[in-house]
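# Breakdown of the fold
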Amino acid sequence: LTMITALLFNVIFLMAEVKNQDTPLKGNWDFKLQQIWEIDNASDYVLTQIFDLQEDDDGRIYLLEGKQNKFLVLDPKGKFLYAFGNQGEGPGEYKMAFSFFLEGPYVIVPDQQKVHYFKKDGTYVKSYNLGGMAFLRTPIDEYRFLRVQENDDEKVNLDKLEIIDVNTMS
């Protein structure tokens, strides 16, 4: 009986009249491309791999360009202002930056085993060595971050969500 009911339902469903004629509720479809914003230029930098992009409270756009490992800063109209940051292992240099946070007066860059702080004008401020506390996910404030500690044992699901304070290293 259930097989007959399912078959009858499918026949009725497939033969039902389609009422949606692909027309919007208000107006008409308009798929014309429109330019809403453009970058004036980015000095000598070519934008090929944008890993992250954020806007600060003043409307400035911060781009992390992955191919050149630079932060590029643009004004709200897309005009290039300045670039900062370098790949490396020295003070203010990062090994592998894939994301960043705009928090308070800082551009905060999580890195392998470290987190770096720059002022929004690109001036290097300080770094914290996190040791085994890597993989910061999101800031709570300037010095506290959420971190996911992943469990390597596939049989037990004990992933932990932790709050890491870089000032106290706890």
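See the structure printed just above.
My aim in this report is to walk through the structure given alongside it, one point at a time.

### Quick notes on the overall build of the protein chain
The number of helices and strands found in the protein chain is one helix and 13 strands. Across the 170 residues of the protein chain, 31% fall into the buried class. Taking contacts inside the protein chain between residues at least 6 apart in sequence as the whole, the part at least 24 apart equals 31%. For the protein chain, the exposed area adds up to about 12,200 Å²; of that, 54% sits on carbon and sulfur atoms.

### Structural notes on the side chain of N69
Looking at the element boundaries, N69 is found in the loop between β2 (61-65) and β3 (70-74). Owing to a relative accessible area of 12%, N69 belongs among the buried residues under this scheme. Within polar-contact distance, the side chain of N69 engages the side chain of Q87 at 2.7 Å. Every residue in contact with N69, bar those within four places of it in the chain, is listed here: G85, N86, Q87 and Y94.

### Examining the environment of S170
By the secondary structure assignment, S170 is in the segment after β13 (160-165). Spatially, the C-alpha atoms of S170 and L130 are 9.9 Å apart, while their sequence positions differ by 40 residues. The residues touching S170, leaving out its near neighbours within four places in the chain, are I163, I164 and D165.

### Topic: the pairing of strand β9 (residues 114-119)
Here strand β8 (residues 106-111) runs beside β9; their pairing, made up of six bridges, is antiparallel. Bridge pairing in β9 links V109 to H116. If you look at the hairpin formed by β8 and β9, you'll find two residues sitting between the two strands, and Q113 has a positive phi there, around 65 degrees. Summarising the sheet, β9 and strand β10 (residues 124-129) pair through five bridges and their orientation is antiparallel. By the bridge assignment for β10, H116 is matched with S127. Where β9 hands over to β10, the hairpin turn is made up of four residues, of which G122 adopts a positive phi near 100 degrees.

### Brief notes about the pattern of salt bridges
Where charged atoms from two side chains of opposite charge come close, those side chains can pair. If you walk through the whole model with that rule in mind, you get three salt bridges. In this structure, D56 engages R60 in a salt bridge whose closest nitrogen and oxygen atoms are separated by 2.8 Å.

### A look at unusual backbone geometry
Excluding glycine, a negative phi dihedral is what most residues carry, and trans is how most peptide bonds are arranged. One non-glycine residue, N69, lies in the positive phi region at around 55 degrees. The backbone phi angle of Q113 is positive, close to 65 degrees, even though this residue is not glycine. Here Q113 shows up in the loop between β8 and β9. A residue is classified by how much of its surface remains accessible, and Q113, at 37% relative accessible area, is partly exposed.

### Comments concerning a nonpolar patch on the surface
Together, F51, M96 and F98 make up an exposed nonpolar region whose accessible area comes to about 280 Å². When you line up the elements, F51 lands in strand β1 (residues 50-55). Residue classification places F51 among the partly exposed residues on the basis of a relative accessible area of 34%.

The rules behind these values
Residues numbered from 1 in each chain as written. Predicted model: local features only at pLDDT ≥ 70, side-chain atom pairs only at ≥ 80, totals over all residues. Heavy atoms only, no water. Helix = DSSP H or I, 4+ residues; strand = E, 2+ residues; numbered from the N terminus. Buried < 20%, exposed > 50% of the residue type's maximum accessible area, 1.4 Å probe, protein only. Contact = heavy atoms within 4.5 Å. Areas by Shrake-Rupley, 256 points an atom, 1.4 Å probe, with all protein chains shown as cover. Polar contact = N/O pair within 3.5 Å; in protein donor to acceptor, adjacent residues only side chain to side chain. Pairing = 2+ DSSP bridges. Salt bridge = Lys/Arg side-chain N within 4 Å of Asp/Glu carboxyl O. Patch = residues over 30% accessible without salt bridge, like charges linked within 9 Å, V, L, I, M, F, W, Y side chains within 5 Å.

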